[in-house]
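One letter stands for each residue in the lines below.
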There are 2 protein chains.
Amino acid sequence: MENKMYNIKMILAYDGGKYNGWQLQGNTDLTIQGKLEEKLSMLLGEEIKVIGSGRTDRGVHALGQVANFYTNQSVDVKALKKKINEELPKDIKILKMDIAGERFHSRLNAKSKIYEYRIWNGEVPNIFERKYCFQYKDHLSIEKMKEAASYLEGVHDFKGFCSNKKMKKSSVREIYSIQIVKEGDWIILSFHGNGFLYNMVRIITGTLIEVGSGKRKVEEVEKALESLERKDAGFLAAPEGLFLKEVFYS
Amino acid sequence: MENKMYNIKMILAYDGGKYNGWQLQGNTDLTIQGKLEEKLSMLLGEEIKVIGSGRTDRGVHALGQVANFYTNQSVDVKALKKKINEELPKDIKILKMDIAGERFHSRLNAKSKIYEYRIWNGEVPNIFERKYCFQYKDHLSIEKMKEAASYLEGVHDFKGFCSNKKMKKSSVREIYSIQIVKEGDWIILSFHGNGFLYNMVRIITGTLIEVGSGKRKVEEVEKALESLERKDAGFLAAPEGLFLKEVFYS
C-alpha cells in the first residue's frame, strides 16, 4: 500500500441504518468501508484499501466521515467522485474528494472529532426523522443535563463510559465541550473531543437522558467517572440518533 | 354511519413510501385509511369508517392530512390520540384530535389545500432525505420555472395536467398561487388551490422541471393549458417528493 504513489482524501456521508458499521472485525460483509473498497477497486482496476478516521458502530450515521486511500494512478478527483457516487448505494455518498499529501493519514492525523446525538422529545413521534433520532417523549430537564455534562468536559479516564471491558490501551480522553441545544421538540447534543472510546458517546448520552428524566442524580455522573465502572453509567443510547459530524486535522 | 352521535376530526402525518395511497379503490390492502380504520375499530370496539379530505396517491406523504370519523361513544380525544399513536405503525401518526360539529365533513367542507413538492438540486445526492424528495442534479432556472408557473395560477381547465382520461366531472380548478423557493440545494414548490385533479401537482411539477432544465419553453405551458391534452404537458414527477401540507376549512 505504502508504495502506491497517490494519496486521495475523501469526506463522506452515510446512513448507517443497514450497515454493520464502518468496519466489522473479521467480517467485511455489508460495511461502509467494504462498499467503498469494492466500488473504488472496480473503478480503478486495482485493489484499493480505504483508511477511515475511525470506526463508527453498527447503525451510526456520518455527515462528515474522513477517509483516504492510495492508488498507483494519477486520478481526476472530480470525475472519480462523480463516477463513484453513481456506483455507490443511495445511503453512501462522497461529498468531497481531493489529492492529499503523501503523509496524510485519516486516522493517525485526526486531532479531534465532533459527534452529534439527536433526540426527538415530542409528544407525537417524528415520522420523517424516525430513522435518524432517538424518540423520547417524557420530560427532559435541559438544565440538569447541562449540569451533568459539565462534569464530563475536560480530561478524564472514561473507562466507565466504554463498552470494551478488555481495553488494554489508555481510556483517558479529553472532551473539549458538550453542547446541549433545545430547538422546538429537538434536543441536539454535540460532543467535541480528541477521541472517543467504543460506545462512549452513546453511553454518555444515555447517562444524560437518565439525568434529564430524573432517574439519575447529577452527582452520580461524577461518581461514574471516579469508579471507572460501566455499571455506574447510564444505558447505551440507540445508534440511529448518532452522527459523526466532523473530523479535524491540524 | 350518519346515525352515530359523535364526530371526531383528526390532523395526521404519514410517510406514504410503503402504502398504496390513502385509499386504493377496490383493494384496501396497505392503505393509510385502511390502517386508521383497523386501529380505530379495534380500540373503540365498533366499526369505524374514516373520511379523508381527499386521496393521496401511492407513495405521496402528508404533513397535515385531515380526516374525520363518526362513533357511538363519547371519546376522550386526548387519551384516544395517545393510544392510537401507540398502535399505529411508525410511518402514520395523529398530530391532533378534536371533537367536531356533527356537520363537519373532511372532504365536502375542504375549501383549499396546500401541496409541497421538494426537489433536491445538489450535485451530490441527498442521503438522509432521499425518500422525501426528487433528486435532480442538473441546472434548473428558477426564473423560468416561476414564469411558467405564473401561467398556471388562476382559474383554468387543467384536463391536460391530469392522468385520468375518462374524467366525467369538471376539470376546472383554481390555483391561488405557486410559490417556488430556492434554499441552498433545495427547490421547494408550494401549490395552493381549491382542488387538484388526479396527479395534477406531480404533472405540473414535471412540466416546470422541464421548463427549468431548458427541455421545454415557457410558452409551451400556455399551449398545454389550451389544448387540454395530456401529451402537451410534462412528465409525472415522482411521488416521494410530494407532501399534502395543509387543508383549509371555512
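The coordinates are above.
Residues numbered from 1 in each chain as written. Chains lettered and ligands numbered in written order. Predicted model: local features only at pLDDT ≥ 70, side-chain atom pairs only at ≥ 80, totals over all residues. Heavy atoms only, no water.

Visitor: So what exactly am I meant to see when it comes to the environment of Tyr14 of chain B here?
Guide: Tracing the sequence through the fold places Tyr14 of chain B in strand E1 (residues 6-14). Along the sequence, Tyr14 of chain B and Gly64 of chain B sit 50 residues apart, while their C-alpha atoms lie 8.6 Å from each other. The residues touching Tyr14 of chain B, leaving out its near neighbours within four places in the chain, are Ile127 and Phe128 of chain A together with Trp22, Ile32, Thr56, Val60, His61, Ala62, Gln65, Asp91 and Ile92 of chain B. A polar atom in the side chain of Tyr14 of chain B sits 3.4 Å from the side chain of Gln65 of chain B. (Helix = DSSP H or I, 4+ residues; strand = E, 2+ residues; numbered from the N terminus. Contact = heavy atoms within 4.5 Å. Polar contact = N/O pair within 3.5 Å; in protein donor to acceptor, adjacent residues only side chain to side chain.)

Visitor: In this structure, what is going on with the relation of the copies chain A and chain B? I would like to understand it.
Guide: Both copies of the chain are related by a screw-like operation: a rotation about an axis and a shift along it. With an axial shift of 0.0 Å and an RMSD of 0.0 Å, the rotation relating chain A to chain B amounts to 180 degrees. In short, the pair behaves as if placed about a two-fold rotation axis. The position closest to the rotation axis in chain A is occupied by the C-alpha of Glu129 of chain A, lying 4.5 Å away. Most of the interface of chain A is mirrored in chain B, where 100% of its interface residues are also at the interface. (Least-squares fit on C-alpha atoms with pLDDT ≥ 70 in both.)

Visitor: Is there a simple way to think about the interface of chain A and chain B in this case?
Guide: By convention, interface size is frequently given as the accessible area that disappears when the constituent parts associate. Taken together, the contact between chain A and chain B spans 27 residues of the former and 27 residues of the latter. Between chain A and chain B lies a buried interface of about 1900 Å² when both sides are counted; carbon and sulfur atoms form 65% of it. Across the chain A-chain B interface, the total number found is 6 salt bridges. Here Arg130 of chain A ties to Asp15 of chain B by a salt bridge, and the two come within 3.1 Å at their closest N and O atoms. On inspection of chain A and its partner chain B, the count reaches 4 residue pairs in polar contact (both at pLDDT 80 or more). Residue assignment for the side of chain A that touches chain B shows that the elements contributing at least two residues are strand E1 (6-14), strand E3 (61-71), helix H2 (77-87) and strand E4 (92-100) of chain A. Broken down by class, the residue content of the side of chain A that touches chain B amounts to 13 nonpolar, 2 polar and 12 charged. (Buried area = accessible area lost by both parts, 1.4 Å probe. Salt bridge = Lys/Arg side-chain N within 4 Å of Asp/Glu carboxyl O. Nonpolar A, V, L, I, M, F, W, Y, C, P; charged D, E, K, R; others polar.)

Visitor: I tried to follow the packing of helix H1 (residues 32-44) of chain B against helix H2 (residues 77-87) of chain B on my own but got confused; where do I start?
Guide: Pairs of packed helices are described in terms of their axes, by the angle between the two and the distance that separates them. Residue and element names in this part refer to chain B. Interaxial distance between H1 and H2 falls to 10 Å at its minimum, and their mutual angle equals 125 degrees. On the basis of their axis angle, the class for H1 and H2 is oblique. In this structure, H1 crosses over H2, and the sense of that crossing is right-handed. Mapping the contact onto sequence places Lys39, Leu40, Met42, Leu43 and Leu44 in H1 and Leu80, Lys83, Ile84 and Glu87 in H2. Here the contact of H1 with H2 is built from residues that sort into 6 nonpolar, no polar and 3 charged. (Axes fitted to C-alpha atoms, helices over the stretch in contact; angles between N-to-C directions. Parallel < 35°, antiparallel > 145°, perpendicular 65-115°, else oblique. Left-handed = near helix turned anticlockwise from the far one by under 90°.)

Visitor: Just checking my understanding: could you explain the packing of aromatic side chains for this structure?
Guide: What describes a pair of aromatic rings is the distance from one ring centre to the other and the angle between the planes of the rings. All names here are of chain B. On inspection of all chains with the given rule, the structure shows 18 aromatic pairs over all chains. Centre to centre, the rings of Tyr115 and Phe196 are 5.4 Å apart; their planes meet at 85 degrees, and the pair counts as edge-to-face. Note that Tyr115 is positioned in strand E5 (residues 110-120) and Phe196 in the loop between strand E9 (186-193) and helix H4 (200-212), a separation of 81 residues in sequence. For Tyr115, a relative accessible area of 8% puts it in the buried group. Exposure remark for Phe196: the relative accessible area of 17% places this residue in the buried category. (Phe/Tyr/Trp six-rings, centres within 6.5 Å; stacked < 30°, edge-to-face > 60°. Buried < 20%, exposed > 50% of the residue type's maximum accessible area, 1.4 Å probe, protein only.)

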